[in-house]
Amino acid sequence: MTLRLEVYIDFKSPYAFIAKDATYQLEQEFGLEIDWYPLTLNIGSYLGTAKKDNSGKVTESSRSPRQWLAVKYAYKDARRYAELRGLTLKGTQKIWDSSLSAIGLLWAKREGRVCLKAYIDDTYDRFWKRELDIEDPHVIVEQLHASGCDVKGFEEFLNGEGRDSHDRLQGEILDRGYYGVPTYVIDGESYFGRQHLPRVRWHLEGKVGALPDIAYDVILSESTPAS
Amino acid sequence: MTIYVNFSELPSWLMLASLKRLCSEVRVELAWKPMLSSLGNVAGSNLKPGVDDPLEIYKARRADARHKAAKRENERMCERLGIDPAQGEKKINPFYLSLGMVWLTNQGAELQQYFNYVEAAFSKAFRDGADVESVFGLKVVLKESEFRTAGLDYFLANEAPDLDAAQEKIMESGVFNSPAFVIADEIFHGREHLPLIQWMLKRNRGIPPV
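Heads up: these notes are all about the structure in this document. (Residues numbered from 1 in each chain as written. Chains lettered and ligands numbered in written order. Predicted model: local features only at pLDDT ≥ 70, side-chain atom pairs only at ≥ 80, totals over all residues. Heavy atoms only, no water.)

A short note on the overall build of chain B
Thinking step 1. Across its full length, chain B holds nine helices and four strands.
Thinking step 2. In chain B, the order of α-helices and β-strands from amino to carboxyl end is β-α-β-α-α-α-α-α-α-α-β-β-α.
Thinking step 3. Projected onto its principal axes, the C-alpha coordinates of chain B cover approximately 60 × 45 × 35 Å.
Thinking step 4. Going through the 210 residues of chain B one by one, you find that 47% of them count as buried.
Thinking step 5. A sequence separation of at least 24 residues applies to 69% of the contacts in chain B between residues at least 6 apart.
Thinking step 6. Total accessible area on chain B is roughly 10,600 Å²; 49% of this is exposed by carbon and sulfur atoms.
Thinking step 7. Distance between charge centroids for chain B: 5 Å, based on 26 positive and 28 negative side chains. (Helix = DSSP H or I, 4+ residues; strand = E, 2+ residues; numbered from the N terminus. Buried < 20%, exposed > 50% of the residue type's maximum accessible area, 1.4 Å probe, protein only. Contact = heavy atoms within 4.5 Å. Areas by Shrake-Rupley, 256 points an atom, 1.4 Å probe, with all protein chains shown as cover. Lys, Arg positive; Asp, Glu negative; His and termini not counted. Charge placed at Lys NZ, Arg CZ, Asp CG, Glu CD.)

Laid out in structure tokens, this is it:
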């Protein structure tokens with residue numbers, strides 16, 4: 001039986017960013033091809049909104065103290081793991097609408113695995129270095145082009161079929177019960193968060209033995225490409 | 001390292017196995033503190049009352065998805081603990097079990113005694129469905145874990161700390177979910193961090209599990 005693993009990501013999620021390489025490692029370990037999907041979070045709807053200036057000072061905020069506590073911890077937590085991996089993870093200055101980069105992902109999927117991986121890697125890497133304005137359509141076109149994708153027709157796709165497909169997908173994803181990133185899905189069973197990678201492995205291995213507990217215990221192999 | 005335990009939440013129970021393994025491999029002094037509540041889901045409307053919410057449908061769908069995922073995660077946690085999902089959903093007031101943990105600290109309990117107490121407390125609460133929300137229930141748990149109860153009544157009446165005030169201070173310190181681990185002023189929420197904590201306790205030797 002062919003193993004099928006769906007992975008749902010959002011470029012503006014620091015947790016999805018630091019999970020990426022460990023997720024790619026599954027392809028090597030199990031000889032499978034991950035089916036990537038965009039899950040575009042509407043962070044403002046559940047964690048409030050905020051903007052910072054270049055000095056890091058908050059200039060606008062609708063967040064409650066509890067929401068700030070959760071958000072600040074999340075970035076700190078993701079950053080400590082990123083630093084140990086040699087990744088740059090700069091705090092964002094606003095809540096981004098990442099839907100254009102998500103539609104870019106759908107386009108890159110059509111272009112083949114090499115283009116898709118290049119697009120995912122480079123978009124994550126540059127976004128978290130604050131080098132990309134992912135709300136600018138031209139930036140997404142440039143990202144796709146630099147990733148080896150043929151971008152002819154992308155702008156029409158972005159405003160038509162791609163947008164429709166993306167928006168429809170977001171509703172379907174929620175109705176399937178997936179609401180955060182990264183989410184891993186095997187045979188309809190979903191696992192939210194990279195702490196579930198021990199369980200994802202167990203599932204891919206045929207569920208032999210007891211269900212493992214959650215853990216951030218990934219040791220990346222040397223052959224796993226760095227971001 | 002300070003460990004924060006919430007007796008009303010299964011993740012604190014599930015943490016025990018990994019923590020015991022860590023303690024068998026690394027020498028570390030532990031301070032145990034109870035939590036009465038966790039921050040939980042901070043999702044909420046940030047709109048002023050009376051304002052129409054354009055994201056109302058999205059929020060409802062997301063809340064439903066979150067509920068489905070939480071239900072499935074409860075099933076998984078219960079599978080690991082060997083209990084029925086319905087047992088895992090039991091609502092527990094952790095107040096007396098928390099006082100019990102403070103009692104152990106007051107009595108200078110050893111590491112194994114903490115492990116025995118926490119295991120017995122969760123097992124009584126969730127597996128047996130026993131009363132753990134009274135002094136009587138607390139004494140049963142202490143006896144089950146073979147920890148002394150002589151002097152407990154006096155302690156509860158005269159020396160027990162104000163747990164509500166302590167809870168406020170815990171939240172103010174940045175600890176908001178359980179289990180939590182604080183090592184060298186660094187806060188970790190969740191048992192999934194124990195591999196990294198173990199690596200840190202081993203003075204960062206080897207490849208970090210990240």
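Now that the structure has been shown, we can carry on.
Considering empty space enclosed by the protein
Thinking step 1. As enumerated under the stated definition, the model contains four cavities of 30 Å³ or more in all.
Thinking step 2. For the largest cavity, the calculated volume is near 50 Å³.
Thinking step 3. Around the largest cavity sit Leu39(A), Thr40(A), Leu41(A), Gln170(A), Leu174(A), Tyr179(A) and Tyr58(B), which together line it.
Thinking step 4. Of the residues belonging to the lining of the largest cavity, the class tally is five nonpolar, two polar and no charged. (1 Å grid on protein atoms, 1.4 Å probe; cavity = no way out; pocket = protein on both sides within 12 Å on 5 of 7 lines; lining within 4 Å. Points joined across faces, edges and corners; volume = space filled by probe spheres on them. Nonpolar A, V, L, I, M, F, W, Y, C, P; charged D, E, K, R; others polar.)

Details of the nonpolar core
Thinking step 1. Counting residues in each nonpolar core, the largest one holds 119 residues, and the members touching the most others are Leu19(B), Trp32(B) and Tyr117(B).
Thinking step 2. Ranked by residue count, the leading element in this core is helix α5 (residues 111-127) of chain B, at nine residues.
Thinking step 3. With residues up to four places along the chain from it excluded, the contact list for Trp32(B) reads Ile3(B), Val5(B), Leu16(B), Leu19(B), Met101(B), Thr105(B), Leu111(B), Tyr114(B), Phe115(B) and Val118(B).
Thinking step 4. Of all hydrophobic cores here, the second largest spans eleven residues; its members include Ala70(A), Tyr4(B), Ala180(B) and Ile187(B). (Core = buried A, V, L, I, M, F, W, Y, C linked by side-chain atoms within 4.5 Å.)

Quick look at the sheet that holds strand β2 (residues 31-34) of chain B
All names here are of chain B.
Thinking step 1. An order of β2-β1-β3-β4 is seen for the four strands of this open sheet, with the pairing classed as mixed. For this open sheet the edge positions go to β2 and β4 (186-189), each flanked by a neighbour on one side alone. Averaged over all neighbouring strand pairs, the angle between strand axes comes to 20°, with direction disregarded.
Thinking step 2. Relative to β2, strand β1 (residues 2-5) is paired through four bridges, and the arrangement is parallel. When the bridges of β2 are listed, Thr2 appears paired with Ala31.
Thinking step 3. Seen against the sheet, helix α4 (residues 95-106) touches β1 and β2 and runs at an angle of roughly 155° to β2. (Pairing = 2+ DSSP bridges. Axes fitted to C-alpha atoms, helices over the stretch in contact; angles between N-to-C directions.)

Quick word on the pattern of salt bridges
Thinking step 1. According to the stated counting rule, one finds 34 salt bridges over all chains in the structure shown.
Thinking step 2. Note that Glu161(A) and Arg110(A) form a salt bridge whose closest N and O atoms lie 2.5 Å from each other. Here Glu161(A), found in helix α8 (residues 161-176), pairs with Arg110(A), found in helix α4 (residues 99-110); they are 51 residues apart in sequence, far enough to count as distant.
Thinking step 3. Judged by its relative accessible area of 49%, Arg110(A) is partly exposed.
Thinking step 4. A salt bridge links Asp121(A) to Lys117(A); the shortest N-O distance between them is 2.6 Å. Here the residue Asp121(A) and the residue Lys117(A) both occupy positions in helix α5 (residues 113-127), the gap between them amounting to four residues, near one helical turn.
Thinking step 5. In this structure Lys117(A) comes out as partly exposed when scored by relative accessible area, which is 23%.
Thinking step 6. What you see here is one network of salt bridges that share partners, running through Glu189(A), Arg199(A), Asp213(A), Arg72(B), Glu73(B), Glu75(B), Arg76(B), Arg80(B) and Arg191(B). (Salt bridge = Lys/Arg side-chain N within 4 Å of Asp/Glu carboxyl O.)

Observations concerning a negative patch on the surface
Thinking step 1. There is a patch of like negative charges on the surface, built from Asp162(B), Asp164(B), Glu168(B) and Glu172(B).
Thinking step 2. Looking at where Asp164(B) falls in the secondary structure, it is placed in helix α8 (residues 163-172). (Patch = residues over 30% accessible without salt bridge, like charges linked within 9 Å, V, L, I, M, F, W, Y side chains within 5 Å.)

Things to note about the pairing of strand β5 (residues 183-186) of chain A
Residues and elements named next belong to chain A.
Thinking step 1. Judged by which residues are buried, β5 turns out to be covered on both faces: Thr183 and Val185 on one side and Tyr184 and Ile186 on the other are all buried.
Thinking step 2. Relative to β5, strand β1 (residues 5-9) runs antiparallel, the two sharing three bridges. Looking across to β5, one finds that Tyr8 is bridged to Thr183.
Thinking step 3. Looking at chain direction, β5 and strand β6 (residues 189-192) are connected through four bridges and run antiparallel. Bridging across to β6, Ile186 finds its partner in Glu189.
Thinking step 4. Between β5 and β6, which pair antiparallel one after the other, the connecting turn spans two residues, and Asp187 there sits at a positive phi close to 50°.

Side note on the layout of surface pockets
Thinking step 1. The calculated volume of the second largest pocket comes to roughly 380 Å³.
Thinking step 2. Taken together, 21 residues form the lining of the second largest pocket, with Thr40(A), Leu41(A), Asn42(A), Leu55(B) and Tyr58(B) sitting closest to its centre.
Thinking step 3. Elements supplying a minimum of two residues to the lining of the second largest pocket: α2 (43-47) and α8 of chain A together with α2 (56-81) of chain B.
Thinking step 4. Top element by residues in the lining of the second largest pocket is α8(A). It accounts for six residues.
Thinking step 5. Among the residues making up the lining of the second largest pocket, the classes are represented as eight nonpolar, eight polar and five charged.

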